[in-house]
Amino acid sequence: MVNVSDLSIERYHALSDATMTTLLERLEDLLDTVGNDAYEVDYHSGVLTLNLGTHGTYVINKQPPNKQIWLSSPLSGPKRYDYVPESDDWRYARDGIGLGELLDEEITDMLRTKVSLHLEGVSGQIQE
(Lines give C-alpha, C1' and ligand atoms only; values in the text may rest on other atoms or scores of the structure.)
Protein backbone atom coordinates (compact mmCIF):
# COMPACT_ATOMS: atom_id res chain seq x y z
CA MET A 1 0.00 0.00 0.00
CA VAL A 2 1.27 3.46 -0.84
CA ASN A 3 1.57 5.93 2.00
CA VAL A 4 -1.29 8.39 1.49
CA SER A 5 1.09 11.33 1.79
CA ASP A 6 3.23 9.88 -1.03
CA LEU A 7 0.34 9.93 -3.50
CA SER A 8 -0.30 13.41 -4.85
CA ILE A 9 -3.92 14.48 -5.14
CA GLU A 10 -3.44 14.88 -8.90
CA ARG A 11 -2.12 11.31 -9.21
CA TYR A 12 -4.94 10.04 -6.99
CA HIS A 13 -7.54 11.66 -9.26
CA ALA A 14 -5.87 10.31 -12.40
CA LEU A 15 -5.76 6.76 -11.00
CA SER A 16 -9.21 6.78 -9.44
CA ASP A 17 -10.84 8.41 -12.50
CA ALA A 18 -9.24 5.80 -14.78
CA THR A 19 -10.45 3.03 -12.47
CA MET A 20 -14.01 4.36 -12.26
CA THR A 21 -14.24 4.93 -16.03
CA THR A 22 -12.90 1.45 -16.78
CA LEU A 23 -15.23 -0.08 -14.22
CA LEU A 24 -18.24 1.74 -15.69
CA GLU A 25 -17.41 0.65 -19.26
CA ARG A 26 -16.84 -2.98 -18.29
CA LEU A 27 -19.99 -3.15 -16.17
CA GLU A 28 -22.04 -1.62 -19.01
CA ASP A 29 -20.66 -4.29 -21.36
CA LEU A 30 -21.42 -7.01 -18.81
CA LEU A 31 -25.00 -5.84 -18.31
CA ASP A 32 -25.53 -5.63 -22.07
CA THR A 33 -24.36 -9.25 -22.34
CA VAL A 34 -26.54 -10.43 -19.44
CA GLY A 35 -29.58 -8.65 -20.90
CA ASN A 36 -31.63 -8.27 -17.72
CA ASP A 37 -33.59 -4.99 -17.75
CA ALA A 38 -33.72 -4.97 -13.94
CA TYR A 39 -29.95 -4.47 -13.79
CA GLU A 40 -28.37 -1.05 -14.30
CA VAL A 41 -25.16 0.85 -13.74
CA ASP A 42 -24.86 4.59 -13.29
CA TYR A 43 -21.96 6.97 -12.62
CA HIS A 44 -22.28 10.58 -11.47
CA SER A 45 -20.04 12.89 -9.44
CA GLY A 46 -17.56 10.19 -8.49
CA VAL A 47 -20.22 7.69 -7.38
CA LEU A 48 -20.88 4.48 -9.32
CA THR A 49 -24.05 2.55 -8.54
CA LEU A 50 -24.55 -1.01 -9.78
CA ASN A 51 -28.10 -2.24 -9.23
CA LEU A 52 -28.43 -6.00 -9.65
CA GLY A 53 -32.14 -6.21 -8.86
CA THR A 54 -32.93 -8.79 -6.19
CA HIS A 55 -29.18 -9.43 -5.67
CA GLY A 56 -28.74 -5.93 -4.25
CA THR A 57 -26.88 -2.72 -5.07
CA TYR A 58 -23.18 -1.89 -5.08
CA VAL A 59 -22.05 1.67 -4.44
CA ILE A 60 -18.45 2.50 -5.34
CA ASN A 61 -17.17 6.02 -4.81
CA LYS A 62 -14.05 8.12 -4.76
CA GLN A 63 -12.90 9.51 -1.41
CA PRO A 64 -10.36 12.25 -2.26
CA PRO A 65 -9.66 13.33 1.36
CA ASN A 66 -8.44 9.79 2.12
CA LYS A 67 -7.16 9.11 -1.42
CA GLN A 68 -9.23 5.93 -1.45
CA ILE A 69 -12.02 4.22 -3.34
CA TRP A 70 -14.86 3.06 -1.10
CA LEU A 71 -17.10 0.10 -1.81
CA SER A 72 -20.43 -0.84 -0.30
CA SER A 73 -21.30 -4.42 -1.28
CA PRO A 74 -24.62 -6.17 -0.69
CA LEU A 75 -22.61 -9.33 0.11
CA SER A 76 -19.44 -8.29 1.92
CA GLY A 77 -20.39 -4.85 3.26
CA PRO A 78 -18.21 -1.72 3.30
CA LYS A 79 -14.54 -1.68 2.33
CA ARG A 80 -11.95 1.04 1.72
CA TYR A 81 -9.38 0.54 -1.04
CA ASP A 82 -5.94 2.13 -1.28
CA TYR A 83 -3.82 2.32 -4.41
CA VAL A 84 -0.92 -0.17 -4.37
CA PRO A 85 1.81 0.68 -6.92
CA GLU A 86 3.42 -2.79 -6.71
CA SER A 87 0.27 -4.45 -8.05
CA ASP A 88 -0.98 -1.32 -9.86
CA ASP A 89 -4.47 -1.65 -8.47
CA TRP A 90 -6.68 -0.80 -5.50
CA ARG A 91 -6.43 -3.16 -2.50
CA TYR A 92 -8.23 -3.53 0.81
CA ALA A 93 -5.59 -3.28 3.56
CA ARG A 94 -7.26 -5.78 5.90
CA ASP A 95 -7.25 -8.75 3.51
CA GLY A 96 -5.06 -7.64 0.58
CA ILE A 97 -7.81 -8.45 -1.93
CA GLY A 98 -8.08 -6.15 -4.95
CA LEU A 99 -11.25 -4.25 -5.80
CA GLY A 100 -11.52 -6.04 -9.14
CA GLU A 101 -10.93 -9.45 -7.56
CA LEU A 102 -13.74 -8.97 -5.06
CA LEU A 103 -16.17 -7.67 -7.67
CA ASP A 104 -15.28 -10.50 -10.08
CA GLU A 105 -15.93 -13.11 -7.39
CA GLU A 106 -19.14 -11.65 -5.99
CA ILE A 107 -20.75 -10.76 -9.33
CA THR A 108 -19.78 -14.15 -10.79
CA ASP A 109 -21.58 -15.83 -7.88
CA MET A 110 -24.64 -13.58 -8.21
CA LEU A 111 -25.06 -13.82 -11.97
CA ARG A 112 -23.80 -17.40 -12.30
CA THR A 113 -21.62 -16.34 -15.19
CA LYS A 114 -17.84 -15.79 -15.21
CA VAL A 115 -16.99 -12.11 -14.69
CA SER A 116 -13.51 -10.65 -15.28
CA LEU A 117 -13.46 -6.86 -14.97
CA HIS A 118 -9.64 -6.64 -15.30
CA LEU A 119 -9.15 -3.63 -13.02
CA GLU A 120 -5.44 -4.29 -12.46
CA GLY A 121 -2.89 -2.24 -14.40
CA VAL A 122 -4.80 0.96 -13.76
CA SER A 123 -1.86 3.29 -14.42
CA GLY A 124 -1.75 2.11 -18.03
CA GLN A 125 -5.28 3.40 -18.52
CA ILE A 126 -4.55 7.00 -17.59
CA GLN A 127 -5.16 9.53 -20.36
CA GLU A 128 -2.10 11.81 -20.26
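Before going into details, it helps to say that this report is about the structure given with it.

Thoughts on unusual backbone geometry
Then, number 1: Even without being a glycine, R112 presents a positive backbone phi close to 55°.
Then, number 2: Turning to its location among the elements, R112 is positioned in the segment after helix 2 (99–111).
Then, number 3: For R112, a relative accessible area of 78% corresponds to the exposed category.

With respect to helix 1 (residues 9–34)
Then, number 1: Under the 1.5 Å per step criterion, the end-to-end length of helix 1 is 37 Å for 26 residues, consistent within 8% with the ideal 38 Å.
Then, number 2: By the burial criterion, the buried members of helix 1 are Y12, L15, S16, A18, T19, M20, T22, L23, L24, L27, L30 and L31.
Then, number 3: Of the residues flanking the end of helix 1, it is G35, one or two places downstream, whose phi is positive at about 70°.

Here's the deal with the environment of I69
Then, number 1: Positionally, I69 belongs in strand 4 (residues 68–73).
Then, number 2: Sequence separation between I69 and K79 is 10 residues, and the spatial gap between their C-alpha atoms is 8.6 Å.
Then, number 3: Contacts of I69, omitting those with residues within four sequence positions, involve S16, T19, I60, N61, K79, R80, Y81, W90 and L99.

Looking at the packing of aromatic side chains
Then, number 1: The tally for this structure, following the rule as stated, stands at three aromatic pairs.
Then, number 2: When the ring of Y83 is compared with that of W90, the centres are 5.6 Å apart and the planes differ by 65°; the resulting orientation is edge-to-face.
Then, number 3: Among the aromatic residues, those joined into a cluster by ring pairs are Y12, Y83 and W90.
Then, number 4: Above the plane of the ring of W70 lies R80, whose end atom (NZ or CZ) is 4.1 Å from the centre.

A few points about the packing of helix 1 against helix 2
Then, number 1: Where helix 1 contacts helix 2, the axes come no closer than 13 Å and their chain directions differ by 15°. Judged on the interaxial angle alone, helix 2 and helix 1 are roughly parallel. With respect to the hand of their crossing, helix 1 and helix 2 are arranged in right-handed fashion. Residues T19, L23, L27, L30 and V34 of helix 1 touch helix 2, and the partners they reach there are L99, L103, I107 and L111.
Then, number 2: The residue makeup of the contact of helix 1 with helix 2, split by class, is eight nonpolar, one polar and no charged.

Some remarks on the nonpolar core
Then, number 1: In this structure, L27, L48, L50, W90, L103 and I107 are the most contacted members of the largest nonpolar core, which totals 34 residues.
Then, number 2: The set of elements that each furnish at least two residues to this core consists of helix 1, strand 1 (39–44), strand 2 (47–52), strand 3 (57–63), strand 4, strand 5 (77–84), strand 6 (89–92) and helix 2.
Then, number 3: No other element matches the nine residues that helix 1 contributes to this core.
Then, number 4: Aside from chain neighbours lying at most four places away, what touches L50 is L27, L31, E40, V41, G56, T57, Y58 and I107.

Some words on the sheet that holds strand 2
Then, number 1: If you walk across this open sheet you meet the six strands as 1-2-3-4-5-6, and the pairing is antiparallel. A strand with exactly one partner marks an edge of an open sheet, and here the two such strands are strand 1 and strand 6. Taken over all neighbouring pairs, the strand axes of this sheet differ in orientation by 20° on average, direction set aside.
Then, number 2: Where strand 4 and strand 5 come together, six bridges link them in antiparallel fashion. Paired with L71 across the bridge in strand 5 is K79.

Calculation criteria
- Residues numbered from 1 in each chain as written.
- Predicted model: local features only at pLDDT ≥ 70, side-chain atom pairs only at ≥ 80, totals over all residues.
- Heavy atoms only, no water.
- Helix = DSSP H or I, 4+ residues; strand = E, 2+ residues; numbered from the N terminus.
- Buried < 20%, exposed > 50% of the residue type's maximum accessible area, 1.4 Å probe, protein only.
- Expected span 1.5 Å × (residues − 1).
- Contact = heavy atoms within 4.5 Å.
- Phe/Tyr/Trp six-rings, centres within 6.5 Å; stacked < 30°, edge-to-face > 60°.
- Lys NZ or Arg CZ within 6 Å of the ring centre and 35° of its normal.
- Axes fitted to C-alpha atoms, helices over the stretch in contact; angles between N-to-C directions.
- Parallel < 35°, antiparallel > 145°, perpendicular 65-115°, else oblique.
- Left-handed = near helix turned anticlockwise from the far one by under 90°.
- Nonpolar A, V, L, I, M, F, W, Y, C, P; charged D, E, K, R; others polar.
- Core = buried A, V, L, I, M, F, W, Y, C linked by side-chain atoms within 4.5 Å.
- Pairing = 2+ DSSP bridges.

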